[in-house]
Amino acid sequence: MARGRSLGALIPGRSRTRPPRPFLRFLARRFVALLFLGLGITLVAFLLTNLAPGDPAAANLGQRAIEDPAAVASFRERYGLDKSLPEQYGIYVWRLAHGDLGESQQARLPVTEELGTFIPATAELALLSILIAVVVGVGLGILAAIRQNRLTDHVLRVVSLTGVSMPTFWLALVALYIFFFRLNWLPGTGRLDPQFSEPEHRTGFFTIDALLQGEWATAGDAARHLVLPALVLALYNIGLLTRYTRAAVLEVVHNDYIRAARAKGISERRIVLRHVLRAALPSVLTVIGLAFANVMTGAVLVENIFAWPGIGQYAYRSATTLDLPAIMGVSLFVAVVYIVVNFAVDVLYGVIDPRIRVS
Amino acid sequence: MSVPGATPVRRFRLRRPRVAAAWRQPLAVIGLSLAAAWILVAIFAPLLAPSDPLEQNAAPLLPPGGDYLFGTDELGRDVLSRVLYGARISIPLALLLVGLALLVGATLGAVAGYFGGFVDSIVMRSADLVFAFPAIILAMVVTAVLGPSIRNAVLALVIVSWPSYARVVRGLVLSIGQTEYVTATRLLGASARRALVRDVLPNVAGPVLVLATLDLGNAILLLSALSFLGLGAQPPQPEWGAGVAEGIQYFQFWWIGTFPGLAIFSVVLAFNFLGDSLRDVLDPQSSWRAGSEEE
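Because the structure is a prediction, the values reported are computed rather than measured.

Enquirer: Could you clarify how one ought to interpret the overall build of chain A in this entry?
Expert: Helices and strands together make up the secondary structure of chain A, namely 16 helices and zero strands. Counting all 359 residues of chain A, 46% fall into the buried class. Sequence-distant contacts in chain A: of pairs separated by 6 or more residues, those separated by 24 or more amount to 71%. Accessible surface, chain A: about 18300 Å² in total, of which carbon and sulfur atoms supply 63%.

This is the structure in structure tokens:
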């Protein structure tokens, strides 16, 4: 340690006060920012649902119960709605710190439990969709960049713009009509056909759970149910990733070291995979972070149409019934996923491109 | 106080964007014509539509063809007329929405960037908060809370979309504010406001215009998505997103949902073609053509 410090002092331009581990400090700073952001999110969700004219009691109690003041009062007491706003918020954060998201007003179940049943369905769908989008989008982006200003490039520009212009909910309708209703190549809605029973929950991913139990037919059916919604969800991100990958590749492809690699006679394929893609990776990673947010937006619509029992449907149901604990739970979960993904992107960014760590 | 004999400091100006260059791009031409066509449809819908969009005067669920080019819906309304009238809802509201978001976002971003410090932190942390929610979730909660209506949907989407303008404008103001020509104006005695309005904002306009055009497409997508979910336009309004939702209910009658959806797609595509071409001309760094000149 001591040797390192004296060495540092000897090197000109390197101050002694510089922290020994800039990368860790960078991570710690990001992490603290993340915690504050999470707290801010609970506050936004809380204020939004409270300062509004809508009355949760009216939305969640039956007609008869609303006319009975005692029932309304007990509903308010049960969910702490009779306390002042800061008190309610304080209680909420306190419980949150203990992993308690409260009880949903609709189903009267703990929100964490409900989230637990809805999250895996969305996760299975969203991850597959992002995987498709990354493979296709990055591939097309590289292709467009290599064929810059040629026909392929122009066509891909139109493809990319078409992808981001397509209304997801309409695409879902058209895809269902053609591939399910007309051609009957793929199943329609839900995660499984009724003749299959749900595989025992381990991961919550039906395909993986069924495979683990050796139920091939169930796994196959679950996989076939995933195809349409995953592809529909992927299209927007394919468009997005094509554009950004292309731009990122073009940015590095004119560098001298690429020219040097070419001059050495390294094959074009190797140059693209080893040098260009590596340099373009940080920008592509950032877009993948963005893609997660898009998938959540798409999931609300796609799950609605495909009757997919996931977090998007849960969010929709809670928002339309003003189910306060459920809305906060789902917003919090989605926002946390989003910031965790971005945090992971930052970390990977630092690993790939050490220059980032210092700034 | 001017120094006698000193050469006047010439304000640096960005080269005038060559609008003519846009015409060499087919995408710009297609986008512009398509967008113009839709705007004309929105203006002249009453003259173009064969019948009233709300009138239930035909047999229900007639397939396309014959008297009803796009068929009729479950209530016997003419789908073509509903699609044409739909332009009067989506297009002006998208323009309004983007205009409001731009106004709010650009103002806050400019203020944050120019004054920095505490104001900057407040504005940018709020922007971060909005960014932490996926747009549709936040918009869904806001419309659900305010009550489902197209006006509240627009309001919710303004809340969701201002931060991207604030970020871009702030960044640009920060980078331009540090350039020498702004320092020079300030040294010559110009007020902060004058420097901001005369020297900084004109150079911010290009990228912001690109962002706004591309955002128009997104605005239409999100607005129709909210209506699709039943949180925006309410029946019997001939809104496109609501039309697709009807199409899902009457699934086997494909024309009910297909044509309104096609309308959304073509309008959004038009704005995206246009925005993308504008990016080539006004914002060369992030355009699809980036790097072309380097060869």
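Further notes follow.
Enquirer: Whenever I open this one, the packing of helix α8 (residues 192–228) of chain B against helix α10 (residues 255–282) of chain B confuses me. Can you help?
Expert: Two numbers describe a pair of packed helices, the interaxial angle and the distance between the axes. Residues and elements named next belong to chain B. Contact pair α8 / α10: the axes reach a minimum separation of 8 Å and the direction vectors enclose 165°. Taken together, the axes of α8 and α10 lie roughly antiparallel to each other. In this structure, α8 crosses over α10, and the sense of that crossing is left-handed. Where α8 approaches α10, its residues G206, L209, V210, T213, L214, L216, G217, I220, L221 and S224 are matched on the opposing element by I264, V267, V268, F271, N272, L274, G275, D276, L278, R279 and L282. For the contact of α8 with α10, the per-class residue count stands at 13 nonpolar, six polar and two charged.

Enquirer: Is there a simple way to explain the packing of aromatic side chains in this structure?
Expert: The description of an aromatic ring pair rests on the distance of the ring centres and on the angle between the ring planes. Scanning the model with the defined rule gives 14 aromatic pairs over all chains in all. Between the aromatic rings of Y177(A) and F251(B), the centroid separation amounts to 5.9 Å while the plane-to-plane angle is 65°, which identifies the pairing as edge-to-face. With one member in each of two chains, Y177(A) in helix α9 (residues 168–182) and F251(B) in the loop between α9 (240–249) and α10 form a pair that bridges those chains. Relative accessible area serves as the criterion here: at 16%, F251(B) is assigned to the buried category. Geometrically, the ring pair formed by F70(B) and F259(B) is stacked, given 3.9 Å between the ring centres and 5° between the ring planes. With a gap of 189 residues between them, F70(B) in the loop between α2 (26–48) and α3 (79–115) and F259(B) in helix α10 connect regions that are remote in the sequence. An aromatic cluster of at least three residues, connected via ring pairs, comprises F70(B), F253(B), W254(B), W255(B) and F259(B). Here R191(A) stacks its cationic end above the ring of F206(A), 3.7 Å away from the centre of that ring.

Enquirer: Help me out: how do you make sense of helix α8 (residues 151–165) of chain A in this one?
Expert: Three or four residues apart is the spacing at which side chains of an α-helix point the same way, because the helix has 3.6 residues per turn. Along its 15 residues, α8(A) runs 21 Å from first to last C-alpha, staying within 8% of the 21 Å computed at 1.5 Å per residue. As for α8(A), its buried residues are in contact with α7 (111–146) and α11 (216–253) of chain A together with α2, α8 and α10 of chain B.

Enquirer: Which parts of the structure should I look at to understand a positive patch on the surface?
Expert: A cluster of basic side chains, namely K264(A), R270(A), R274(A) and R278(A), defines a positive patch on the protein surface. Judged by its relative accessible area of 68%, K264(A) is exposed.

Enquirer: It is not clear to me how the interface of chain A and chain B should be interpreted in this structure. Could you clarify?
Expert: Many authors give the size of an interface as the accessible area that is lost as the parts come together. With 53 residues of chain A at the contact, the number on the chain B side is 54 residues. Both sides of the chain A and chain B interface together cover about 4600 Å² of buried area, and 76% of this is carbon and sulfur. Counting the surface chain A buries against chain B, the share from its top three residues, R157(A), F169(A) and W170(A), is 16%. Counting across the interface, chain A meets chain B through two salt bridges. One salt bridge connects R243(A) with D276(B), and the closest N-O pair in it is separated by 2.0 Å. Our enumeration of links across chain A and chain B arrives at five residue pairs in polar contact (both at pLDDT 80 or more). Elements that contribute at least two residues to the side of chain A that touches chain B include exactly α2 (22–50), α8, α9, α11, α13 (268–306), α14 (311–320) and α15 (324–352) of chain A. Of all the elements, α8(A) adds the most residues to the side of chain A that touches chain B, at nine residues. Each residue belonging to the side of chain A that touches chain B can be placed in one class, and the counts come to 36 nonpolar, 13 polar and four charged.

Enquirer: In this structure, what is going on with the pattern of salt bridges? I would like to understand it.
Expert: One side chain can pair with another of opposite charge once the charged atoms of both are near each other. Counted according to the given criterion, the structure contains 16 salt bridges over all chains. Residues D276(B) and R157(A) are paired through a salt bridge, measuring 2.8 Å at the closest nitrogen-oxygen approach. Remark: R157(A) occurs in helix α8 and D276(B) occurs in helix α10; the pair is interchain, linking two chains. Overlapping salt bridges, with partners in common, bring together R157(A), R243(A), D276(B) and R279(B) in one network.

Enquirer: I tried to follow the confidence of the model for chain B on my own but got confused; where do I start?
Expert: The predicted coordinates ought not to be read in detail in places where the model reports low pLDDT. Residue and element names in this part refer to chain B. Chain-level statistics for chain B give a pLDDT mean of 84 and a share of 87% at 70 or above. When pLDDT is averaged over each element of chain B, α9 comes out on top at 93 and helix α1 (residues 19–22) at the bottom at 53. Here residues 291–295 is modelled with pLDDT under 50, and outside its nearest four sequence neighbours on either side it reaches six contacts, counting other chains as well. Across the interface, the model reports ipTM at 0.83; the global pTM reads 0.83.

Enquirer: For this particular structure, what's the right way to read the environment of I30(B)?
Expert: Residues and elements named next belong to chain B. One can find I30 in helix α2. Residue I30 is classed as partly exposed on the basis of its relative accessible area of 45%. Distance from I30 to R82, taken between C-alpha atoms, is 24 Å for residues 52 residues apart in sequence.

Enquirer: How should I be thinking about the environment of I91(A) in this particular structure?
Expert: Looking at the secondary structure, you find I91(A) in helix α6 (residues 85–97). Between the C-alpha atoms of I91(A) and G80(A), which are 11 residues apart in sequence, the distance is 8.9 Å.

Enquirer: What should I look at first to understand unusual backbone geometry in this one?
Expert: A negative phi angle is the norm for most residues apart from glycine, just as the trans form is the norm for most peptide bonds. Look at the link from P235(B) to P236(B): it is a cis peptide, with omega at 10°. Its location among the elements puts P236(B) in the loop between α8 and α9. Backbone geometry places N149(A), a non-glycine residue, at a positive phi of 65°. Overall, the relative accessible area of 39% leaves N149(A) in the partly exposed class. The phi torsion at A307(A) lies on the positive side, around 45°, for a residue other than glycine. You can call A307(A) partly exposed: its relative accessible area is 39%.

Enquirer: What's the story with a nonpolar patch on the surface in this structure? I'm lost.
Expert: On the surface, a cluster of nonpolar side chains totalling about 590 Å² of accessible area is made up of I39(B), L40(B), I43(B), F44(B), L47(B) and L48(B). Tracing the sequence through the fold places I39(B) in helix α2.

Enquirer: Just to check I follow, could you spell out the packing of α7(A) against α14(A) for this structure?
Expert: Residues and elements named next belong to chain A. The contact between α7 and α14 brings their axes to 7 Å, and the two run at 135°. Judged by the inter-axis angle, α7 sits oblique to α14. Side by side, α7 and α14 meet where V111, E114, L115, F118, I119 and T122 of the first sit next to I311, G312, Y314 and R317 of the second. Of the residues assigned to the contact of α7 with α14, the class counts are six nonpolar, two polar and two charged.

Enquirer: Would you take a moment to explain α8(B) for this structure?
Expert: Residues and elements named next belong to chain B. Compared with an ideal rise of 1.5 Å per residue, which puts 37 residues at 54 Å, α8 spans 46 Å between its outermost C-alpha atoms and falls more than 12% short. A bend of about 45° at L201 is the largest found in α8, and the proline P202 appears one to four places after it. A large share of α8 lies buried, amounting to 26 of its 37 residues. Directly after α8, the chain includes G230, whose backbone phi takes a positive value near 85°.

What counts, and at which threshold
Residues numbered from 1 in each chain as written. Chains lettered and ligands numbered in written order. Predicted model: local features only at pLDDT ≥ 70, side-chain atom pairs only at ≥ 80, totals over all residues. Heavy atoms only, no water. Helix = DSSP H or I, 4+ residues; strand = E, 2+ residues; numbered from the N terminus. Buried < 20%, exposed > 50% of the residue type's maximum accessible area, 1.4 Å probe, protein only. Contact = heavy atoms within 4.5 Å. Areas by Shrake-Rupley, 256 points an atom, 1.4 Å probe, with all protein chains shown as cover. Axes fitted to C-alpha atoms, helices over the stretch in contact; angles between N-to-C directions. Parallel < 35°, antiparallel > 145°, perpendicular 65-115°, else oblique. Left-handed = near helix turned anticlockwise from the far one by under 90°. Nonpolar A, V, L, I, M, F, W, Y, C, P; charged D, E, K, R; others polar. Phe/Tyr/Trp six-rings, centres within 6.5 Å; stacked < 30°, edge-to-face > 60°. Lys NZ or Arg CZ within 6 Å of the ring centre and 35° of its normal. Expected span 1.5 Å × (residues − 1). Patch = residues over 30% accessible without salt bridge, like charges linked within 9 Å, V, L, I, M, F, W, Y side chains within 5 Å. Salt bridge = Lys/Arg side-chain N within 4 Å of Asp/Glu carboxyl O. Lys, Arg positive; Asp, Glu negative; His and termini not counted. Charge placed at Lys NZ, Arg CZ, Asp CG, Glu CD. Buried area = accessible area lost by both parts, 1.4 Å probe. Polar contact = N/O pair within 3.5 Å; in protein donor to acceptor, adjacent residues only side chain to side chain. pLDDT = per-residue confidence, 0-100. Bend = angle between axes of the 7 residues up to and from the residue.

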